[in-house]
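# Descriptive structure summary
As a plain string of letters, each chain reads:
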Amino acid sequence: MSFVCQRCNEAKATVHITDTVPQKREQHLCEACAEKEGVIVKPHHTTNEILQQFIKQKAGVSVSDDATCPKCGLTFREFQLNGQLGCPNDYDAFKALLAPLIERAHMGATHHVGKVPAAAGPAAQKQAGLFRLRRALEEAIEKENYERAARVRDQIREMESA
Amino acid sequence: MTLDDLSRTTGEWLRGVGQMSDVVLSSRIRLARNLSDRPFLTTASSSDRTEIYRAVADAITSTSAGQDGILIDVDEADVLDREILVERHLVSRQHAGGEGSRGVSVSADETRALMINEEDHLRIQALRSGLELDALWEDINQVDDTLAERLNFAFDRQWGYLTACPTNVGTGIRVSVMLHLPALKMTKEIERVARAARDMRLAVRGMHGEGTDVVGDLYQLSNQTTLGKSEREVIESFSQVIVPKVVEYERAARESLSQSTPERLDDQIWRAYGVLSNARSISSDETQAMLSPLRMGIHLGRFDRFDIATLNELFLHTQPAHLQRIAGKSLEDEQRDVVRAEFLRERLAETS
């Protein structure tokens with residue numbers, strides 16, 4: 001049996017609900033209306049889907065899609081197919097191709113901010129710290145909080161000379 | 001401790017305690033880590049996989065990261081045991097259903113679950129009842145430090161921690177909170193809240209994460225971006241902005257339902273109780289749907305036949321794998337629904 005959505009009266013109803021409370025009632029909705037009614041919440045996109053989407057959007061620009069990682073042998077095309085990289089070295093091997101995808105997937109972010117493993121050494125710790133401070137400085141200036149900006153600037157100088 | 005001991009309790013995240021636990025069922029943080037000198041799992045050979053498993057498992061079991069718990073070889077575990085782990089939120093569905101050398105180290109109190117060879121070589125997870133992100137971060141950060149003394153994690157100065165999927169690169173952190181939002185659902189405000197969350201680049205999902213439906217009005221909110229924000233910034237945005245806001249909306253919606261249509265609300269609650277204590281056959285999804293108004297009813301002081309601890313026990317023990325474990329045998333779908341209804345009637349008769 002096929003139903004037309006009771007809400008929009010257009011699309012085919014694919015979501016069928018039987019309420020038992022407060023009284024027995026049947027509802028037949030299309031997916032879009034069911035989502036609007038809050039009956040179903042679509043998982044939106046899985047992370048892989050989001051990535052695939054970015055990859056597709058960028059596909060016209062990507063050139064050397066036969067780029068291959070010398071360490072694990074994965075090609076960029078294989079990555080485009082399943083959204084998974086082959087080894088840590090891929091981030092270097094495909095850097096030019098990956099950078100725009102990563103930037104889009106992370107709302108324009110280009111650098112890591114946050115924890116740095118002790119093994120990465122003090123230089124890496126310092127770099128991550130400086131990056132965070134520079135961003136804080138930009139934010140403070142944007143918000144015209146000059147007192148804070150001055151403090152952050154001093155912190156940056158201190159860290160740079162350390 | 002064995003998996004069998006675990007399945008008889010409700011586990012930490014269902015203790016019903018912690019901040020804002022009238023709305024926040026549980027919180028979780030995970031970190032994605034990979035060994036720097038090994039391929040990611042997509043290109044790893046089966047011997048690579050076994051070696052990764054051994055190296056990571058050794059580091060876990062020989063340090064404070066895993067000493068108080070058990071290491072479960074998921075590849076060797078039978079199907080029911082794997083399902084039990086999924087229902088207890090200790091491993092993902094993908095991990096349970098995957099292939100090849102893989103495992104999970106679970107702490108005795110179940111606040112920690114370290115998955116080996118899931119999508120990344122290591123996924124450090126911590127989970128607790130209520131909104132307890134600071135405590136989780138403290139714990140998980142320490143575990144990460146401890147393991148980093150033994151394992152060389154793939155890290156790049158620009159990109160941060162390197163992960164198999166570039167959507168996790170950077171901190172590799174995912175913060176998730178499980179929210180119970182029955183009133184926002186009833187007042188139809190839920191979609192507005194979900195949209196606002198998505199605008200903030202948060203994922204809104206069902207209880208079991210990626211690709212799962214919402215059952216029992218339980219919504220999981222989690223961050224999607226991992227680059228450009230420190231772990232603390234992500235955690236603070238959840239604990240100080242996002243979660244308190246949604247909790248405020250849900251509480252207001254509950255209050256408004258209690259004020260404007262108390263009879264309707266009580267009717268929903270008590271009808272649900274009627275179904276649970278009288279059904280002769282009931283599915284897992286219907287059970288979850290019926291437990292939802294009861295959970296809200298207990299917190300609003302409108303239902304007092306049993307407490308949250310009992311509700312959470314029913315919530316977990318009526319799920320398919322737990323039910324079969326308690327019944328002591330594997331059951332087909334239909335048979336399972338009958339056994340579930342019997343189990344509920346018995347437990348509810350004890351409490352009334």
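What counts, and where the lines are drawn
- Residues numbered from 1 in each chain as written.
- Chains lettered and ligands numbered in written order.
- Predicted model: local features only at pLDDT ≥ 70, side-chain atom pairs only at ≥ 80, totals over all residues.
- Heavy atoms only, no water.
- Helix = DSSP H or I, 4+ residues; strand = E, 2+ residues; numbered from the N terminus.
- Buried < 20%, exposed > 50% of the residue type's maximum accessible area, 1.4 Å probe, protein only.
- Contact = heavy atoms within 4.5 Å.
- Pairing = 2+ DSSP bridges.
- Domains from an automatic or database assignment.
- Buried area = accessible area lost by both parts, 1.4 Å probe.
- Salt bridge = Lys/Arg side-chain N within 4 Å of Asp/Glu carboxyl O.
- Polar contact = N/O pair within 3.5 Å; in protein donor to acceptor, adjacent residues only side chain to side chain.
- Axes fitted to C-alpha atoms, helices over the stretch in contact; angles between N-to-C directions.
- Parallel < 35°, antiparallel > 145°, perpendicular 65-115°, else oblique.
- Left-handed = near helix turned anticlockwise from the far one by under 90°.
- Nonpolar A, V, L, I, M, F, W, Y, C, P; charged D, E, K, R; others polar.
- Patch = residues over 30% accessible without salt bridge, like charges linked within 9 Å, V, L, I, M, F, W, Y side chains within 5 Å.
- Areas by Shrake-Rupley, 256 points an atom, 1.4 Å probe, with all protein chains shown as cover.
- Lys, Arg positive; Asp, Glu negative; His and termini not counted.
- Charge placed at Lys NZ, Arg CZ, Asp CG, Glu CD.
- Phe/Tyr/Trp six-rings, centres within 6.5 Å; stacked < 30°, edge-to-face > 60°.
- Lys NZ or Arg CZ within 6 Å of the ring centre and 35° of its normal.

## Focus on the overall build of chain A
Looking only at helices and strands, chain A has 7 helices and 2 strands in total. Listing the helices and strands of chain A from first to last along the sequence gives β-β-α-α-α-α-α-α-α. With 162 residues in all, chain A has 36% of them scored as buried. Intrachain contacts of chain A at a sequence separation of at least 6 include 30% that bridge at least 24 residues.

## A few points about the pairing of strand β5 (residues 122-129) of chain B
All names here are of chain B. For β5, the buried fraction is high: 7 of the 8 residues fall into the buried class. Direction of pairing for strand β1 (residues 24-33) relative to β5: antiparallel, over a ladder of 8 bridges. Bridge pairing links Ala32 to Arg123 in β5. Inspection of the sheet shows strand β4 (residues 112-116) paired to β5 by 5 bridges, in the antiparallel sense. Across the sheet, residue Ile116 finds its bridge partner in β5, namely Leu122. Hairpin connection from β4 to β5: 5 residues lie between these consecutive antiparallel strands, with Asn117 at a positive phi of about 60°.

## Some thoughts on the domain arrangement of chain B
Residue and element names in this part refer to chain B. Taken domain by domain, chain B holds domain 1 (3-253) and domain 2 (262-351). At the interface, 30 residues of domain 1 touch 21 residues of domain 2. The contact between domain 1 and domain 2 buries some 2,100 Å² in all, and 63% of this surface belongs to carbon and sulfur atoms. Residue Arg325 pairs with Asp81 through a salt bridge whose shortest N-O separation is 2.3 Å. The interface formed by domain 1 and domain 2 includes 8 residue pairs in polar contact (both at pLDDT 80 or more). At the level of elements, α1 (3-7), α3 (79-87) and α6 (182-186) are the ones that each hand at least two residues to the side of domain 1 that touches domain 2. Here the element with the most residues in the side of domain 1 that touches domain 2 is α3; it accounts for 5 residues.

## Comments concerning the interface of chain A and chain B
The interface is formed by 53 residues belonging to chain A together with 58 residues belonging to chain B. For the pair chain A and chain B, the summed buried surface comes to about 4,800 Å²; carbon and sulfur atoms form 59% of the total. At the surface where chain A touches chain B, the tally comes to 3 salt bridges. In this structure, Arg135 of chain A engages Glu233 of chain B in a salt bridge whose closest nitrogen and oxygen atoms are separated by 3.0 Å. For the pair chain A and chain B, the number of links is 19 residue pairs in polar contact (both at pLDDT 80 or more).

## Focus on the packing of helix α10 (residues 284-299) of chain B against helix α11 (residues 308-317) of chain B
All names here are of chain B. Where α10 meets α11, the axes come as close as 10 Å, and the angle between the chain directions of the two elements is 170°. As judged from the angle between their axes, α10 and α11 are roughly antiparallel. Seen along the crossing, α10 lies across α11 with a hand that is left-handed. Taken together, the residues of α11 that come into contact with α10 (itself represented by Gln288, Leu291, Leu294, Arg295, Ile298 and His299) are Ile308, Leu311, Asn312, Leu314 and Phe315. Looking at the contact of α10 with α11 residue by residue, the classes come out as 7 nonpolar, 3 polar and 1 charged.

## Observations regarding the sheet that holds strand β9 (residues 202-205) of chain B
All names here are of chain B. Strand order in the open sheet formed by 8 strands is β2-β3-β4-β5-β1-β8-β10-β9, and the pairing between neighbours is antiparallel. Looking at which strands have only one partner, the edges of the open sheet turn out to be β2 (70-73) and β9. Each strand axis lies, on average, 20° off the axis of its neighbour in the sheet, ignoring direction. Set on the sheet, helix α7 (residues 190-199) makes contact with β9 and β10 (218-223); between it and β9 the angle comes to about 145°.

## Here we look at a positive patch on the surface
All names here are of chain A. A cluster of basic residues, Arg132, Lys143, Arg148 and Arg151, forms a positive patch at the surface. Here Lys143 shows up in the loop between α6 (121-142) and α7 (146-161). The exposure class of Lys143 is exposed, given its relative accessible area of 64%.

## Thoughts on the pattern of salt bridges
For the structure shown, the criterion picks out 25 salt bridges over all chains. For Lys245 of chain B, the salt bridge identified is with Glu248 of chain B, shortest N-O distance 3.9 Å. With Lys245 of chain B and Glu248 of chain B both in helix α8 (residues 231-260), this residue pair falls 3 residues apart, about one helical turn. Judged by its relative accessible area of 46%, Glu248 of chain B falls in the partly exposed class. Here the salt bridges share partners, and the residues they tie into one network are Lys115 of chain A together with Arg33, Asp144 and Asp145 of chain B.

## Quick look at the packing of aromatic side chains
On inspection of all chains with the given rule, the structure shows 9 aromatic pairs over all chains. With a centroid separation of 5.4 Å and 50° between ring planes, the pair formed by Phe76 of chain A and Phe79 of chain A is classed as tilted. Of this pair, Phe76 of chain A and Phe79 of chain A are both found in helix α3 (residues 76-82), 3 residues apart, which corresponds to roughly one turn of the helix. Phe79 of chain A carries the same exposure label as Phe76 of chain A, and that label is buried. An angle of 80° between the planes, with centres 6.4 Å apart, marks the rings of Trp13 of chain B and Phe315 of chain B as edge-to-face. Within this pair, whereas Trp13 of chain B is found in the loop between α1 and β1, its partner Phe315 of chain B is found in helix α11, the two being separated by 302 residues in sequence. The pair formed by Trp13 of chain B and Phe315 of chain B is uniform in burial state, with each residue classed as buried. Each member of the aromatic cluster is reached from another via a ring pair, and the members are Trp270, Tyr273, Phe303 and Phe306 of chain B. Across the ring face of Phe315 of chain B, the terminal group of Arg295 of chain B is positioned such that the distance to the ring centre comes to 5.4 Å.

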